[in-house]
Amino acid sequence: RAKELGKSRFKVFNQRMHEEALRLMALETELRRAVERRELEVWYQPIVDASLRRVCGFEALVRWHHESMGAVPPSEFITLAEDSGLITELGEFVLEEAVRNIKRWNRREQKAHHGNLFVSINISGRQFMQPDFAGYVEQHIRNWNVNPDLLRFEITESMLMDHGSMAVDTISRLRDLGVHMCIDDFGTGYSSLSYLQRLPVDTIKIDRSFVAELGDDKEGRSIVRSILSLGYSLGLDVVAEGVETPAQAQLLGEFGCRFLQGFLYAPALPAAEVDTLLSLENPLAYLAMSYEKDDF
Ligand code: C2E
Ligand code: MG
Ligand code: MG
Ligand code: MG
């Protein structure tokens, strides 16, 4: 009896696994098609410099709107793209789009108005570790004639843990090119203090799970404060991700966090909406107003 039960459970389990495998295969085919047909889009989420009170840059976030499945979130397809090798092409597409917009958003007339605007791009482990990634970037920076100072790469702590010194070499080479390096989702991995000290990076991004804990909870606050003091003692910039409420922004300000990103200001926007935003006298004032309107 028990054996029978076990068997039937196994059957159900097996069937679920099978269905999931089929779903992923179908999704991969669709993704391959989308990449080939360039049906993916890159959207841009504003990052705010609280000290200069302006929008100082954007994070590039890939978007896939499938004609029948609708919006497929990156959490669904980035891993798939990594596992299938499609990430290389996807990553190249994101990089090209981002660079094109870096150039558009930093034309002389706009620069006079808004200062330099950077674009920060997520680079997944497999893309970052492909042979001579730094060489590829170097060649493109030259071809595109883009200011590397406005180009930022975000890599995760866990990727660094997985790839060790190879990753550190690539980071150093990219930094020598003038590209700005960020550690994304900081605090979710296990990097030690001494490890972080040896990493040639410029910025850490506090994972949004910590920002979400910034309530009246004392512990939540002390985690954010210690990440900030760690970053500042190493001379790094710190960006808080996932800022959703004025109270969180207020606290982060009190703790001395200069850079803020989150739905409080704006979600990722299509490039055309960024164009509109940048045509305004004061984009930040507009973003602040639009959240008031939304009654957050
Ligand atoms: P991430 O790099 O940590 O990006 C931040 C994510 O948080 C984005 O989700 C963004 O929409 C979301 N977010 C921003 N502000 C808030 C907020 O205030 N509240 C909440 N709840 N969420 C907020 P998204 O676009 O779904 O991307 C998820 C992850 O997928 C990214 O995490 C990144 O790891 C990956 N990803 C996105 N685009 C790319 C890409 O072009 N290449 C690679 N390799 N990975 C990407
Ligand atoms: Mg990121
Ligand atoms: Mg992040
Ligand atoms: Mg993430």
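Here the structure is shown first, and the text comes after it.
Residues numbered from 1 in each chain as written. Chains lettered and ligands numbered in written order. Predicted model: local features only at pLDDT ≥ 70, side-chain atom pairs only at ≥ 80, totals over all residues. Heavy atoms only, no water.

Asker: Which parts of the structure should I look at to understand the overall build of the protein?
Answerer: Each helix and strand counted, the protein has 13 helices and 10 strands in total. Taken over the C-alpha trace, the protein has a radius of gyration of 21 Å; the compact-globule value for 296 residues is 19 Å, and the two agree within 12%. Along the first, second and third principal axes, the C-alpha atoms of the protein reach 75 × 50 × 45 Å. Sequence separation of 24 or more characterises 67% of the internal contacts of the protein that already satisfy a separation of 6 or more. Counting every atom, the protein has about 16000 Å² of accessible surface; 50% of that belongs to carbon and sulfur. With 33 positive and 45 negative side-chain charges, the protein shows a spacing of 2 Å between the two charge centroids. (Helix = DSSP H or I, 4+ residues; strand = E, 2+ residues; numbered from the N terminus. Rg over C-alpha atoms; globule rule 2.2 N^0.38 Å. Contact = heavy atoms within 4.5 Å. Areas by Shrake-Rupley, 256 points an atom, 1.4 Å probe, with all protein chains shown as cover. Lys, Arg positive; Asp, Glu negative; His and termini not counted. Charge placed at Lys NZ, Arg CZ, Asp CG, Glu CD.)

Asker: Help me understand the site of ligand 1, please; the structure alone is not making it clear to me.
Answerer: Every one of the 20 residues lining ligand 1 counts as a neighbour, but R63, N122, D184, E244 and F263 are closest to it. Residue E59 places a side-chain N or O atom 3.0 Å away from an oxygen atom belonging to ligand 1. The separation between an oxygen atom of ligand 1 and a polar side-chain atom of N122 is 2.8 Å. Contact with the protein chains covers 83% of the free accessible surface of ligand 1, which is 800 Å². For the shell around ligand 1, the secondary-structure elements that each account for two or more residues are β2 (54-66), α2 (74-84) and β6 (180-186). (Near = heavy atom within 4 Å. Polar contact = N/O pair within 3.5 Å; in protein donor to acceptor, adjacent residues only side chain to side chain.)

Asker: How do you make sense of the coordination of the magnesium ion (ligand 2) when you look at a structure like this?
Answerer: Octahedral six-donor coordination of a metal ideally yields angles of 90 or 180 degrees, compared with 109.5 degrees for tetrahedral four-donor coordination. Only E59 (OE), N122 (OD1), E154 (OE) and D184 (OD) from the protein reach the magnesium ion (ligand 2) as donors, at distances of 2.0 to 2.2 Å. In this structure, the magnesium ion (ligand 2) lies 4.0 Å away from the magnesium ion (ligand 3), the two metals sharing D184 as a donor. Within this pair, whereas E59 is found in strand β2, its partner E154 is found in strand β5 (residues 151-156), the two being separated by 95 residues in sequence. For the pair E59 and E154, one class covers both residues: buried. (Donors = N, O, S within 2.8 Å, 3.2 Å for Na, K, Ca; no water. Buried < 20%, exposed > 50% of the residue type's maximum accessible area, 1.4 Å probe, protein only.)

Asker: What am I meant to see in the pattern of salt bridges here?
Answerer: Opposite charge on two side chains allows them to pair when their charged atoms are near. Here the structure, examined in full by the defined rule, presents 15 salt bridges. Note that E30 and R33 form a salt bridge whose closest N and O atoms lie 3.4 Å from each other. With E30 and R33 both in helix α1 (residues 2-36) and 3 residues apart, this pair spans about one turn of that helix. Measuring nitrogen to oxygen at the nearest pair gives 3.7 Å for the salt bridge that ties R142 to E138. Taken together, the positions of R142 and E138, both in helix α6 (residues 133-144) and 4 residues apart, correspond to about one turn of that helix. Taken together, the salt bridges that share partners define one network made up of E59, E154, K205 and E241. (Salt bridge = Lys/Arg side-chain N within 4 Å of Asp/Glu carboxyl O.)

Asker: What is the right way to look at the packing of helix α3 (residues 87-105) against helix α12 (residues 271-278) in this model?
Answerer: Helices that pack against each other are described as a pair by the angle of their axes relative to one another and the distance between those axes. The N-to-C vectors of α3 and α12 enclose an angle of 15°; their axes lie 12 Å apart at closest approach. By the angle between their axes, α3 is roughly parallel relative to α12. Between α3 and α12 the crossing geometry is right-handed. Across the interface between the two elements, N101, R104 and W105 from α3 touch A271, V274, D275 and L278 from α12. When the residues that make up the contact of α3 with α12 are grouped by side-chain class, the tally is 4 nonpolar, 1 polar and 2 charged. (Axes fitted to C-alpha atoms, helices over the stretch in contact; angles between N-to-C directions. Parallel < 35°, antiparallel > 145°, perpendicular 65-115°, else oblique. Left-handed = near helix turned anticlockwise from the far one by under 90°. Nonpolar A, V, L, I, M, F, W, Y, C, P; charged D, E, K, R; others polar.)

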